[in-house]
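Residue-level structure breakdown
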Amino acid sequence: MASRTNQRVLLGFALLCASALPCADSSRLNAAESPSRPSVAAANFPVASAARLAGDGKQTRFILDLDQTVTFRATTLADPYRVVVDVPQVNFQLAPGTGAGRGLVKAFRYGLVMPGGSRIVFDLTGPAKIANSYVLDAANGQPARLVLELEEVDRAAFVQSPPPENRSELRPTIAVVPPATLPAAPEPAQQKPGAPSDGRPVVVIDPGHGGIDNGTQSSGESEKNLVLAFGLALRDRLEKSGKYRVVMTRDDDTFIPLNDRSKVARNLNAALFVSIHADALPKAEGDAQGATIYTLSDKASDAEAQRLADAENRADAIAGFNLAEEPTDVADILIDLTQRETRTFSSRFAHLLMSEMKTTMRMHKHPLKSAGFRVLKAPDVPSVLVEIGYVSNKGDLEHLVSEGWRSKAVGSMAQAIDTFLAKRMATAGASN
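Residues numbered from 1 in each chain as written. Predicted model: local features only at pLDDT ≥ 70, side-chain atom pairs only at ≥ 80, totals over all residues. Heavy atoms only, no water.

Looking now at the overall build of the chain. Within the chain, the secondary structure is distributed over nine helices and 18 strands. Relative to its full complement of 432 residues, the chain shows a buried share of 49%. For the chain, restricting intrachain contacts to residue pairs at least 6 apart in sequence, the fraction spanning at least 24 positions comes to 78%. Counting every atom, the chain has about 20,000 Å² of accessible surface; 51% of that belongs to carbon and sulfur. (Helix = DSSP H or I, 4+ residues; strand = E, 2+ residues; numbered from the N terminus. Buried < 20%, exposed > 50% of the residue type's maximum accessible area, 1.4 Å probe, protein only. Contact = heavy atoms within 4.5 Å. Areas by Shrake-Rupley, 256 points an atom, 1.4 Å probe, with all protein chains shown as cover.)

Structure representation (structure tokens):
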């Protein structure tokens, strides 16, 4: 235990040094710079009632009907070609199926990207420029409208287009929000930054996806909603015991970048990080069912694990800006030593979790897997990603929407957390 403590101290010093290094790419948009997400008070947000595309492969127009005018900012991005439109938080009340492509737009998606801010992302068929963009006031019985006009250009013209100013600050339209809901870190002289004051172990629950990122969808159900319901039920079960301080990376329909999810756990010195997801298998790959538990590995355990990791790791790009690259941490040897120990604890918890979950829910034929999930890469927090089922499987989907099934599954997961943390706390106490 003493060696582990020394490693943590050295690792903390190394990462503190790393945090002082300049950001490798200051032009990247960070949709949630702090893992302590602000909460947004209930408000009468603008309502978007309809959206449509018109035109062809040379010129395409997008029209969004609103009940009031809004400010916005539009940006073009390459590799892949996209247009990103940031607006204040909007209540999207669009018809099911809205988002199909036409002309220069392959498809578009929309949703909350942070408290106080929404985003529309257009996937383009090729390079295009924003020829015109404006907002029309309501008049003559017609609603207010946000209009975006796109024109086809060649790659050279696209590359020569001047980049938007201060891309890392693309938030002029987003309302100021109240202070963060998570507690601020105490002064370092008093205790380790982020450490809870009441002494209880911190468990971080991470419902995947959210906001503009729906995750997988099937039969009218979205992964982001299913896993949020599961995560909230697990939080309530754990809090009821009073043994833990439970923190959610999101407790509403908000998009959280992958790196910020793991930072929540690191900043709070969490004892455990559990990310909740629900997979879907492409029709061409047949059918699959049951829950699967993933741990971090540099090499995927199989092709399906690699496919899933690749899909989950694209979440930030789905939101419009790829936030995948972070400044490289220093002291690689110290980090590697700590991460090896952390992976051992993660594996132990995964096995415990499998043993408990198989008593109450259907498991995948290969329930324990590993791959390079970015959300699991906190070097000093035991972490697992749990796919609680396949939304592409009819039987699993029936379970996922069932409160009775959810209660049983949450109970088994809570039992595994109890067993794991009881052993860890007992070991820590004996070492001290």
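The rest of the description comes next.
All buried positions along helix α5 (residues 303-312) are accounted for by E304, A305, R307, L308, A309 and E312. The backbone nitrogen of E304 lies 3.1 Å from a side-chain oxygen of the residue at the head of α5, namely D302. (Polar contact = N/O pair within 3.5 Å; in protein donor to acceptor, adjacent residues only side chain to side chain.)

Right, let's talk about the sheet that holds strand β3 (residues 73-77) for a bit. Spatially, five strands are ordered β3-β4-β8-β7-β6 in an open sheet, and the strand pairing comes out antiparallel. Strands with a single pairing partner mark the edges of an open sheet, and in this sheet they are β3 and β6 (100-102). Averaged over all adjacent pairs, the angle separating strand axes in this sheet is 25°, with direction ignored. Looking at chain direction, strand β7 (residues 105-114) and strand β8 (residues 117-124) are connected through eight bridges and run antiparallel. When the sheet's bridge partners are listed, G111 is paired in β8 with R119. (Pairing = 2+ DSSP bridges. Axes fitted to C-alpha atoms, helices over the stretch in contact; angles between N-to-C directions.)

Once that is clear, we can look at the packing of aromatic side chains. Scanning all chains against the criterion turns up eight aromatic pairs. Consider the rings of F92 and Y110, whose centres lie 4.9 Å apart with planes at 40°: the pair is tilted. On the criterion of sequence distance, the pair formed by F92 in strand β5 (residues 91-92) and Y110 in strand β7 is long-range, its members being 18 residues apart. Ring geometry for Y294 against F373: centres 5.2 Å apart, planes inclined by 65°, an arrangement best described as edge-to-face. Of this pair, Y294 sits in strand β16 (residues 291-296) while F373 is found in the loop between β17 (363-371) and β18 (383-390), placing the two residues 79 residues apart along the sequence. Grouping aromatic residues by their ring pairs yields a cluster made of F62, F92, F108, Y110 and F122. The ring centre of F345 lies 4.0 Å from the NZ or CZ of R424, which sits over that ring. (Phe/Tyr/Trp six-rings, centres within 6.5 Å; stacked < 30°, edge-to-face > 60°. Lys NZ or Arg CZ within 6 Å of the ring centre and 35° of its normal.)

So yeah, pure geometry; function would need other evidence.
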